[in-house]
Amino acid sequence: MSQLELTNRTLTLQRFPPMREESPLQAWDSADEYLLQQELPEGPVLVFNDSFGALTCGLNGREVWHVSDSLLSEQAAKQNLRLNEMDEDQVHFIDSLAPLPAAPAVVLIKIPKALALLEHQLRALRKVVTPDTLILGAAKAKDIHNSTQQLFDRILGESKTSLAWKKSRLIYCTYSAPKLPEVSETTVWPLDDSSYQIHNHANVFSRGSLDVGARFFMQHLPSDIEGEILDLGCGNGVIGLLALEQNPQADVLFYDESYMAVASSKLNVEVNRPQDLARCQFRVNNVLSGFPSDRLHAVLCNPPFHQQHAVTDHLAWQMLRDAKRCLQYGGELRIVGNRHLGYHVKMKKLFGNCELVASNAKFVVLRSVKLR
């Protein structure tokens, strides 16, 4: 638990999901502080990509719209509002695909890791901001590139950057409605060795093509399972899509904490296997929070090893633990991961067993079974 001086009040902020006690990661950075030092006009504030709620808490007392593609970020903001005895009902929480309110007084954007997501958000803002809207972006100075500023210039209007402060910078932008061609909401590309056309919303990992880990995992999926298969951290749903094909008697669940990921998965089933839509469930969730224990027949997963810009294994640990809890006895967890991450150690510790299904120079596919 850490403390931060924000707008003349002390806030207690926690990361979410909670980190292990020895973790040095904190729930805000100097870019959050830099934004909160600025003099902001009265009126509604749109806050984009507030990872753990530092901005949302710091602006308490104002009309705030928290806009994020991450359920975890939304839950973190709510948790930190409660922790600081602030009313979460005064904050409007909306996901990255929802319409934005018209004519905000202020827009604060934490620059996301994916420039495609930033472009999507700036295009959405074009429809609602006015020349009087104060538009500020912020990030670590090393994460603001010429391409970042050019997106603001091209989509909203002229922008400039601030001096660096604690290794962070601001982008100031004034809306002037520059001419801009329309683009598709999704990127579309053909899936190798299939007739499938894969649609990806802006914030989906490996948006423009099949990532190499998924490509390898596709070759080593279970088949002919009767029961429920979960594509955990589903992304665009490619793994679940092939699980539908290879397990015609199974129901397939697509779970991710990204709204855009789950929307992409649903769209890909609707386009490529509409006859199987009744066998599917799509849900934005914090891993398997609230899911019944001892129920699933198989969990398929490509665990992440980062959260935003921070490299960490706590999400992978949570995925493995939740998978074990929710698998029925005899059910299997099958994952793909980089060889150097050592997932076999974690899986053997949790399940008491771990089998190497396949490997190449970079990746391993591992399998553990839940035993009594």
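For clarity, every value in this text was computed on a predicted model and none was experimentally measured.

A short note on the overall build of the protein chain
So, point 1. What the protein chain contains, in helices and strands, is 10 helices and 20 strands.
So, point 2. Against the 2.2 N^0.38 benchmark of 21 Å for 372 residues, the protein chain shows a C-alpha radius of gyration of 22 Å, consistent with a compact globule.
So, point 3. Seen along its three principal axes, the alpha-carbon backbone of the protein chain occupies a region of about 60 × 45 × 40 Å.
So, point 4. When each of the 372 residues of the protein chain is scored for burial, the buried share is 55%.
So, point 5. When contacts within the protein chain are restricted to residue pairs at least 6 apart in sequence, long-range pairs at least 24 apart make up 67% of them.
So, point 6. For the protein chain, the accessible surface area stands at approximately 16,700 Å², while carbon and sulfur atoms represent 49% of it.
So, point 7. Averaging the positions of the 38 positive and the 42 negative side-chain charges in the protein chain gives two centres separated by 5 Å.

Some remarks on the nonpolar core
What tends to happen in soluble globular proteins is that the nonpolar side chains get buried as a cluster.
So, point 1. Core analysis: the biggest nonpolar cluster contains 31 residues, and Leu191 and Ile229 have the highest contact counts within it.
So, point 2. Breaking this core down by element, the ones donating at least two residues are helix H6 (212-218), helix H7 (238-246), strand S13 (250-256), helix H8 (259-272), strand S15 (296-301) and strand S20 (363-369).
So, point 3. No other element matches H7, which puts six residues into this core.

Focus on the packing of aromatic side chains
So, point 1. Inspection of the entire model under this criterion finds three aromatic pairs.
So, point 2. Taking the ring centre of Phe93 as reference, the NZ or CZ of Lys78 above it sits at 5.0 Å.
So, point 3. The ring of Tyr329 has Lys370 lying over it, and the distance from NZ or CZ to the ring centre is 5.1 Å.

A closer look at the sheet that holds strand S8 (residues 159-161)
So, point 1. A sheet is described by the order of its strands in space; here seven strands give the open sequence S5-S4-S3-S6-S7-S9-S8, paired in mixed fashion. For this open sheet the edge positions go to strand S5 (91-95) and S8, each flanked by a neighbour on one side alone. Direction aside, the axes of adjacent strands within the sheet are offset by 20° on average.
So, point 2. Two elements, strand S4 (residues 64-68) and S5, share five bridges in a ladder whose sense is parallel. Across the sheet, Val64 pairs through a bridge with Val91, a residue of S5.

Some remarks on the sheet that holds strand S18 (residues 327-338)
So, point 1. Ordered by their spatial adjacency, seven strands build an open sheet running S14-S13-S12-S15-S18-S20-S19, and the pairing between neighbours is mixed. Two strands lie at the open edges of the sheet, namely strand S14 (280-284) and strand S19 (355-359), each paired on one side alone. The average angle at which neighbouring strand axes cross in this sheet is 15°, direction not considered.
So, point 2. Bridging between S15 and S18 involves five bridges; their strand directions are parallel.

Structural notes on the environment of Leu191
So, point 1. Relative to the helices and strands, Leu191 is located in the loop between strand S10 (187-190) and strand S11 (197-200).
So, point 2. The class of Leu191 is buried, set by a relative accessible area of 2%.
So, point 3. Along the primary structure Leu191 and Val238 are separated by 47 residues, whereas in three dimensions their C-alpha atoms are 8.6 Å apart.
So, point 4. Setting aside anything within four residues of it in sequence, one finds Leu191 in contact with Tyr196, Ile198, Leu210, Met218 and Val238.

Observations regarding the pattern of salt bridges
So, point 1. Enumeration over the complete set of coordinates arrives at 16 salt bridges.
So, point 2. A salt bridge links Lys110 to Asp29, with the nearest nitrogen and oxygen atoms 3.4 Å apart. In this pair, Lys110 is assigned in strand S6 (residues 106-110) and Asp29 in the loop between strand S2 (9-13) and helix H1 (30-36), connecting sequence segments 81 residues apart.
So, point 3. Using a relative accessible area of 10% as the deciding quantity, one classes Lys110 as buried.
So, point 4. In this structure, Glu332 engages Arg334 in a salt bridge whose closest nitrogen and oxygen atoms are separated by 2.8 Å.
So, point 5. In this structure Arg334 comes out as buried when scored by relative accessible area, which is 10%.
So, point 6. Here the salt bridges share partners, and the residues they tie into one network are Glu332, Arg334, Glu355 and Arg367.

A look at the packing of helix H4 (residues 115-126) against helix H5 (residues 146-155)
So, point 1. At their nearest, the axes of H4 and H5 sit 10 Å apart, and the two run at 20° to each other. It follows that H4 is roughly parallel to H5 by the angle criterion. Handedness of the crossing formed by H4 with H5: right-handed. Where H4 approaches H5, its residues Leu115, Leu118, Glu119, Leu122, Arg123 and Arg126 are matched on the opposing element by Ser147, Thr148, Leu151, Phe152, Arg154 and Ile155.
So, point 2. Here the residues of the contact of H4 with H5 sort into six nonpolar, two polar and four charged.

What about the pairing of strand S7 (residues 134-140)?
So, point 1. The buried count for S7 comes to five of seven residues, which makes it a mostly enclosed element.
So, point 2. As paired elements, S6 and S7 share five bridges and run parallel to each other. The residue of S7 that forms the bridge with Val107 is Ile135.
So, point 3. Note that the unit made of S6, H4 and S7 has a crossover that is right-handed.
So, point 4. In this structure, S7 lies alongside strand S9 (residues 168-173), joined through six bridges in antiparallel fashion. Looking at the pairing, Lys140 lines up with Ser168 of S9.

Thoughts on the confidence of the model for the protein chain
So, point 1. Confidence in the prediction of the protein chain, expressed as mean pLDDT, is 92, and 92% of residues score 70 or more.
So, point 2. Note that residues 1-9 has pLDDT below 50 and, in this model, 28 contacts with residues that lie over four places away or in other chains.

Analysis parameters
Residues numbered from 1 in each chain as written. Predicted model: local features only at pLDDT ≥ 70, side-chain atom pairs only at ≥ 80, totals over all residues. Heavy atoms only, no water. Helix = DSSP H or I, 4+ residues; strand = E, 2+ residues; numbered from the N terminus. Rg over C-alpha atoms; globule rule 2.2 N^0.38 Å. Buried < 20%, exposed > 50% of the residue type's maximum accessible area, 1.4 Å probe, protein only. Contact = heavy atoms within 4.5 Å. Areas by Shrake-Rupley, 256 points an atom, 1.4 Å probe, with all protein chains shown as cover. Lys, Arg positive; Asp, Glu negative; His and termini not counted. Charge placed at Lys NZ, Arg CZ, Asp CG, Glu CD. Core = buried A, V, L, I, M, F, W, Y, C linked by side-chain atoms within 4.5 Å. Phe/Tyr/Trp six-rings, centres within 6.5 Å; stacked < 30°, edge-to-face > 60°. Lys NZ or Arg CZ within 6 Å of the ring centre and 35° of its normal. Pairing = 2+ DSSP bridges. Axes fitted to C-alpha atoms, helices over the stretch in contact; angles between N-to-C directions. Salt bridge = Lys/Arg side-chain N within 4 Å of Asp/Glu carboxyl O. Parallel < 35°, antiparallel > 145°, perpendicular 65-115°, else oblique. Left-handed = near helix turned anticlockwise from the far one by under 90°. Nonpolar A, V, L, I, M, F, W, Y, C, P; charged D, E, K, R; others polar. Right-handed = clockwise from strand over helix to strand, strands pointing away. pLDDT = per-residue confidence, 0-100.

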